[in-house]
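The primary structure of each chain is shown beneath.
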Amino acid sequence: MMLDKVKNFLYGYDISILPLEEAHEAYSEVLADYLSKEDFSCQIIEPLNQTGKNFRRVKEACKSGKLVIMLANEADAEKEKLPSLIKSIRKSGRLLLVIDFGDFRSSSLFDEFSDLRVLDEKPSFVENSKPSSTVFENILIAATFRTKNNNLRRMTRITAAVWLVTLVGVMASFFYLKKIWGDIDYQKQLREEASILAKQEQNLAEQAVKDASKKRGIALKQDKIVRANQIASESFNEQRTDPTKSLQLAMLSYRFANSEDDLPVSVGKALNHSFYSAYNSKETFYALSLQHESPIEDVFFDAKNRTIFSAAKNGDIEKWSISGERLLTFKAHDETVNSVSLSSNGESVLTTSDDLTAKLWDTEGNLIQTLRGHEEPVMKAAFLPGEDKILTVADDNIRIWNKKGQQMAVLLDDVDFINDATFSPYEDLIATTSGENMKLWNARGRLIKTFRGHDDEISSIRFSPNGSRIITSSFDSTAIVWSKRGDLLFTLSGHNGIVNFADFSPDREKIITVSDDHTAKLWNAQGKLLKSLVGHNAQVVFADFSSDGKLILTVSLDRTVKLWDNKGTFIKTFKAHQSNINYAEFSPDDRYIITASDDQTAKLWEVNLEMLQSFDIHVKGVSGISLSDDWTRIVTLSGMGLVRLWNGQGKLLKSLNTVKDTVIRSTFSPTGRFVLTLSKKGLPQLWTKDGELKKDLDGHKAPVNDITVSPDGSIVTGSSDKTIRIWSDAGALVKTIQDHKDSVIFVDFCEGGETLITASSDKIVKIRNGDGTLIKELNGFTSFPRFIRSSKTGKQVIAVSEDEAKLWHRTSGEITLDLGQEFLELIDFDPDENKLLMVFKNGNIRLINESGDLLLKFDVPKETITTAKFSSDGKLIMFGDKYGNLSFYDTQGNFVDLINVHSDRINQAYYFADGRFIVTASNDNSAKLIYTPKGIFEWVRSKNIAPLSDQDKMKFGLAIQQ
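Named according to an unreviewed UniProt entry, the chain is WD40 repeat domain-containing protein originating from Splendidivirga corallicola.

Here's what the structure looks like:
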């Protein structure tokens, strides 16, 4: 067996056996065979020859990690070859020396190689070997083991090699990583550059899209403005015949323009024109337009169900909701429908036609009965009192029916033609007209009496509300009032043409007559003419009283309906129909008027549609008007010192019992909690918002010249006693300031109440904190200021005297502009505070910038100007004049528009509520809230005004919403 420590030495190696001499080859084979049996892999290297040529193969075997077993004998050990070979092999591999020594310890080989150690002596495989024992008789196995020094050197070399390898590896890794990092940085840079390029391309693409979108937007806006101008032009064209259509076209034009910041002049003018033309002509706008396919003969309200029925000549009956929704259509007759009426209980509808019949229907269009018997067209039908009988009127006769369709009586006349018929509201009496005569019948068809008095054909007949009187109108230009017994009570004479219609008021105190002479006349119950109602341009054919008798409507062939009060004062015109109006009446609640026309439409009008709020019960003119910020209270001042308080809807709340002196100034607290007034004698008074006197602010020792209120409600007064006093909103004195040397003539807050400006006859203007603390004095005036104005923020202050005007910068206190010695009457800062509008007494009107450079002179009738103001956005300048007009110019001096809002001098005009309104006060005894185009647009949207019909949209090339 092989010694374990020899095995351990050989373990893990591929073994090469090197016989030094050819004589050793046999033993090499024995050794190889033995090792193979011990599971070692080995090969025999060709013995070294004398030249050592195969020595290289031995070294290569060692380098390849193999173990060399060298076979030698003692003689070999003493030669140079063996030591040299051991050194060479030991450097690069492992050596196991199998050697035959007699006395190996005396061998110089072991001295030379101190690390050569004996592992085994006379190993068992030698004894069992086949070769002759004469060979390698004293065999031993020795192996090279490095000494400590050798090991240290080896470890040093190994360590150095490791460090070198490590360094090389680190450096390689460094350069590799650097390359990778460089690649990464480069790739990152490439990605960043690609990202930047992509972002730039994206930005360019987005910019291109934006530019294209902007171009499209500009093009679209331009197209819209062009379309807006076209529609505005159509609005102007429609004004003369249909104010409502004109207004809605102007509204559409405004929507198309869609730009409050840059509203085209024509669009603003269209809105102003459509609205104010109607307003100044006292015309109004309809709430509904109901469209038929043929002329509409008759129309009525169903008060019980809040619906409207209309009858057309083609036989169609339409039922509508009060909002204009078509609820029902049914074919009532095959020929022209002449009338339609409703039973008083609202359950049945009665129609008449040229087809010689009358028909009874329920309100859902279901036929109940057909009344047949007439041989001429049936012109009229009505329910008799009690609702159980029906009266039908035809040219040939008059018939009475029950609701089952059974004929009860026939009223036969001795003439060929019956003009009209009516019945008494409380008795079974029926009055008919034929020719110039009237006849009275009972419900059984018996003639009671014939009334004679007219000289020509009778045109209409009506009972008084209580049935005691009858009135007839005639072609002889008169109307006659009769008792029901047939007595002629009096004749109403005065018309210059046919009297087409006459009727009593609900209270029987008045009578209305209408005539071909284009007038209507209002009479009292005794036949005295009260007033002629003049205004129509053609024959007046019909009239109707409201159910309360306070209003009268008149219908004319001029295609209009006019509204009057019961004293004959004209109120407004209802104008829209394009053909004759066949009928008109008040709704049962008097809120609406319905009209029916040959133009195939019926129109619903609001009676009390208020276009502008007007405060017009002053005398001697309105000198001023002020509004609370919340718009709930309005104060007006008259030339006689009368102060009136109104609510935001224009209702008079109270006349303030001020001191017996003219009130020259009034102002509200910002929240509207109180009103502050100042009389000509210099007494300030504090009032509640309901008009009750709260307190006299009478602490001054001389008259108060000016008053102002801060946003927090603090009150400031300036007096001829040289003091300024600050009061609480309850009227309690908070502070007295006495730093002026003469009368305080001006006090005003600016900058939201943070700054108080005061001026005095001492020729000094002072800038203060809101609590009155002095900040800066503005000097430089040679005479005391006549009035002071500050810009909105107080940045600039202008003071005007009789012979000079100066502009100060508030913060520096320096005079920035000397406006010369012309007498300046009116001034105003634009909202941006970089322009100043000036109106001089000599008539010059100038616009300058903050440096004093002249921007333009206005070509305005200068001697007529009474007010001058910038619009809220600073884009327009508004002038009021002594004729009651407001004229508008842009800041380049171009004329924009003119509207007439008063009949006399405008004393005050200013913008309010973000430019939606203009507040005016006039010598025509009225104050008004005037709408700007923006205000008109919002007003129309808030009111019940009919939109354009589908027919109109098609006419004007507009899209129809499905």
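Moving on from the model shown.
So, on to the overall build of the chain. Of regular secondary structure, the chain possesses 12 helices and 70 strands. Split into buried and exposed, the 962 residues of the chain put 51% on the buried side. Counted over contacts in the chain with a minimum sequence separation of 6, partners at least 24 positions apart contribute 45%. Summed over its atoms, the accessible surface of the chain is roughly 44700 Å², and 48% of this surface lies on carbon and sulfur atoms.

Across the sheet, which stays open at both edges, the four strands sit in the order 20-21-22-23 with antiparallel pairing between neighbours. In this open sheet, the two strands that pair with only one neighbour each are strand 20 (420-423) and strand 23 (447-452). Direction aside, the axes of adjacent strands within the sheet are offset by 20 degrees on average. Direction of pairing for strand 22 (residues 437-442) relative to strand 23: antiparallel, over a ladder of five bridges. Its bridge partner lying in strand 23, W441 is registered against L447.

For the rest of this paragraph, the subject is unusual backbone geometry. With phi around 75 degrees, S477 is a residue other than glycine that occupies positive phi space. Tracing the chain through its elements places S477 in the loop between strand 25 (469-474) and strand 26 (478-483).

Here we come to helix 2 (residues 25-37). Spanning 13 residues, helix 2 covers 19 Å between terminal C-alpha atoms, matching the ideal 18 Å at 1.5 Å per step. Looking at helix 2, one finds that the buried residues are Y27, S28, V30, L31, A32, Y34 and L35. A positive backbone phi angle near 70 degrees is found at D39, which sits one or two residues after helix 2.

Let us look at the packing of aromatic side chains. Taken as a whole and judged by the stated rule, the model has 19 aromatic pairs. Arranged with centres 5.3 Å apart and planes meeting at 85 degrees, the rings of Y286 and W605 form a pair that is edge-to-face. Of the two residues, Y286 is situated in strand 7 (residues 286-291) and W605 in strand 38 (residues 601-606); the sequence distance between them amounts to 319 residues. With respect to class, Y286 is no different from W605; both count as buried. With centroids separated by 6.2 Å and ring planes inclined at 45 degrees, the aromatic side chains of Y931 and W939 adopt a geometry described as tilted. With relative accessibility at 11%, the residue Y931 sits in the buried group. A network of ring pairs unites the aromatic residues F275, Y276, F285, F917, Y931 and W939 as a single cluster.

Quick look at the pattern of salt bridges now. Counted under the stated rule, the structure contains 20 salt bridges. Among the salt bridges present, the one from K955 reaches E238, with a minimum N-O distance of 3.3 Å. Of this pair, K955 sits in helix 12 (residues 950-955) while E238 sits in helix 8 (residues 148-238); the two residues are 717 residues apart in sequence, bridging distant segments of the chain. For E238, a relative accessible area of 9% translates into the label buried.

On the surface, E436, D455, D456 and E457 cluster together into a negatively charged patch. Note on placement: E436 falls in the loop between strand 21 (429-434) and strand 22. The class of E436 is partly exposed, set by a relative accessible area of 37%.

Calculation criteria
- Residues numbered from 1 in each chain as written.
- Predicted model: local features only at pLDDT ≥ 70, side-chain atom pairs only at ≥ 80, totals over all residues.
- Heavy atoms only, no water.
- Helix = DSSP H or I, 4+ residues; strand = E, 2+ residues; numbered from the N terminus.
- Buried < 20%, exposed > 50% of the residue type's maximum accessible area, 1.4 Å probe, protein only.
- Contact = heavy atoms within 4.5 Å.
- Areas by Shrake-Rupley, 256 points an atom, 1.4 Å probe, with all protein chains shown as cover.
- Pairing = 2+ DSSP bridges.
- Axes fitted to C-alpha atoms, helices over the stretch in contact; angles between N-to-C directions.
- Expected span 1.5 Å × (residues − 1).
- Phe/Tyr/Trp six-rings, centres within 6.5 Å; stacked < 30°, edge-to-face > 60°.
- Salt bridge = Lys/Arg side-chain N within 4 Å of Asp/Glu carboxyl O.
- Patch = residues over 30% accessible without salt bridge, like charges linked within 9 Å, V, L, I, M, F, W, Y side chains within 5 Å.
- Lys, Arg positive; Asp, Glu negative; His and termini not counted.
- Charge placed at Lys NZ, Arg CZ, Asp CG, Glu CD.

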